[in-house]
Amino acid sequence: MSALVHVPDTMRALRYNDETKVLSLEKVPTPKELDDWDVLVRVAYVGVCGTDLHITEGDFPCRRGGLTLGHEISGIVEAIGAKVPHVKPGMHVAVNPHG
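Along each chain, residues carry numbers from 1 onward, in the same order as the chain's sequence is written. Only residues with pLDDT of at least 70 get local features here, since the model is predicted, and only at 80 or more are side-chain atom pairs given and counted; chain-wide, interface and lining totals rely on the full set of residues. Values reported for side chains reflect all heavy atoms of the structure, with hydrogen atoms and water molecules removed beforehand.

1. What about a nonpolar patch on the surface?
So, step 1. Patches in this entry comprise residues that are over 30% relatively accessible and not in a salt bridge; like charges within 9 Å are linked, as are nonpolar side chains (Val, Leu, Ile, Met, Phe, Trp, Tyr) within 5 Å. With residues, only the protein chains shown are counted as cover, and all accessible areas are computed by Shrake-Rupley using a 1.4 Å probe. For this analysis, a salt bridge means a side-chain nitrogen from Lys or Arg found within 4 Å of a carboxyl oxygen belonging to Asp or Glu. On the surface, a cluster of nonpolar side chains totalling about 450 Å² of accessible area is made up of Leu 14, Leu 23, Leu 25, Val 48 and Leu 53.
So, step 2. Inspection of the secondary structure assignment puts Leu 25 in strand β3 (residues 22-29).
So, step 3. Assessed through its relative accessible area of 59%, Leu 25 is described here as exposed. Helix numbers and strand numbers start at the N terminus; a helix is a DSSP run of H or I with at least 4 residues, a strand a run of E with at least 2. The cut-offs for exposure are 20% and 50% of the maximum accessible area for each residue type, with area from a 1.4 Å probe on protein chains only; residues under the lower value are buried, those over the upper are exposed, and the others partly exposed.

Now the structure itself:
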């Protein structure tokens, strides 16, 4: 793992509470360490996909205790793990959540 420097302590996340069925924009802790293959992206744009909608409508199961929605994103690479060869900090990226 590598420690992160120069990143904010918190980031915003659209969270779905499975018990109250409420969506809320919350501040959550920014990861403090990255595994070797992790990439931390400062999100600029996010899409809400059909799966996200199905989760909020109760048609698709999600883990208990809440879930951060919005896995289709683009942004700027803030930090990378030690073994990430294909992107560098500062690069603009679009994230394939299934890749």
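2. Examining the layout of surface pockets
So, step 1. Residues are called lining when one of their atoms sits within 4 Å of a cavity or pocket point, these points coming from a 1 Å grid over the protein atoms alone, where a cavity is a set in which a 1.4 Å probe fits but cannot get out and a pocket is an open set with protein on both sides within 12 Å along at least five of seven lines. Grid points are joined across faces, edges and corners, and a volume is the space filled by probe spheres set on the points. As a volume, the largest pocket reaches approximately 1100 Å³.
So, step 2. For the lining of the largest pocket, the secondary structure elements donating two or more residues are β2 (10-17), β3, β4 (33-34), β5 (39-47), β7 (72-80) and β8 (92-94).
So, step 3. No other element matches the eight residues that β5 contributes to the lining of the largest pocket.

3. Concerning the environment of Arg 15
So, step 1. Note on placement: Arg 15 falls in strand β2.
So, step 2. Separated by 55 residues in sequence, Arg 15 and Gly 70 place their C-alpha atoms 9.2 Å apart.
So, step 3. The contact criterion used throughout is that any non-hydrogen atoms of two residues lie within 4.5 Å. If we ignore the near neighbours within four places in the chain, the residues touching Arg 15 are Val 22, Leu 23, Ser 24, Glu 26, Val 28, Arg 63, Gly 65, Gly 66, Leu 67 and Thr 68.
So, step 4. Pairs of N or O atoms are called polar contacts if they sit within 3.5 Å, as long as, within protein, a hydrogen donor faces a hydrogen acceptor (for residues adjacent in sequence, only side-chain-to-side-chain pairs). A polar atom in the side chain of Arg 15 sits 2.8 Å from the side chain of Thr 68.

4. Comments concerning the sheet that holds β7
So, step 1. In this description, strands pair whenever DSSP reports at least two bridges between them. Across the sheet, which stays open at both edges, the three strands sit in the order β5-β7-β8 with antiparallel pairing between neighbours. Edge positions in the open sheet fall to β5 and β8, since each of these has one partner strand only. Here the average twist between neighbouring strands, direction ignored, is 35 degrees.
So, step 2. Where β7 and β8 come together, three bridges link them in antiparallel fashion. Paired with Gly 75 across the strands is Val 93, a residue of β8. Helix axes are fitted to C-alpha atoms over the stretch in contact, other axes to C-alpha atoms as well, and angles between N-to-C directions run from 0 to 180 degrees.

5. Side note on the pairing of β3
So, step 1. With eight bridges joining them, β2 and β3 adopt antiparallel strand pairing. Following the sheet pairing, Asn 17 is matched in β3 by Val 22.

6. Regarding the pattern of salt bridges
Between side chains of opposite charge, a pair can form when the charged atoms approach closely.
So, step 1. Here the structure, examined in full by the defined rule, presents three salt bridges.
So, step 2. Its salt-bridge partner being Asp 9, residue Lys 32 comes within 3.3 Å of it at the nearest N-O pair. Here the residue Lys 32 occupies a position in the loop between β3 and β4, and Asp 9 occupies one in the loop between β1 (2-3) and β2, the gap between them amounting to 23 residues.
So, step 3. Of the residues examined, Asp 9 reaches a relative accessible area of 57% and is grouped as exposed.
So, step 4. Of the charged contacts, one joins Arg 42 and Glu 78 as a salt bridge, the two residues approaching to 2.9 Å between their closest N and O atoms. Residue Arg 42 is found in strand β5, and its partner Glu 78 is found in strand β7; the two are separated by 36 residues along the sequence.
So, step 5. Among the residues examined, Arg 42 registers a relative accessible area of 42% and is labelled partly exposed.

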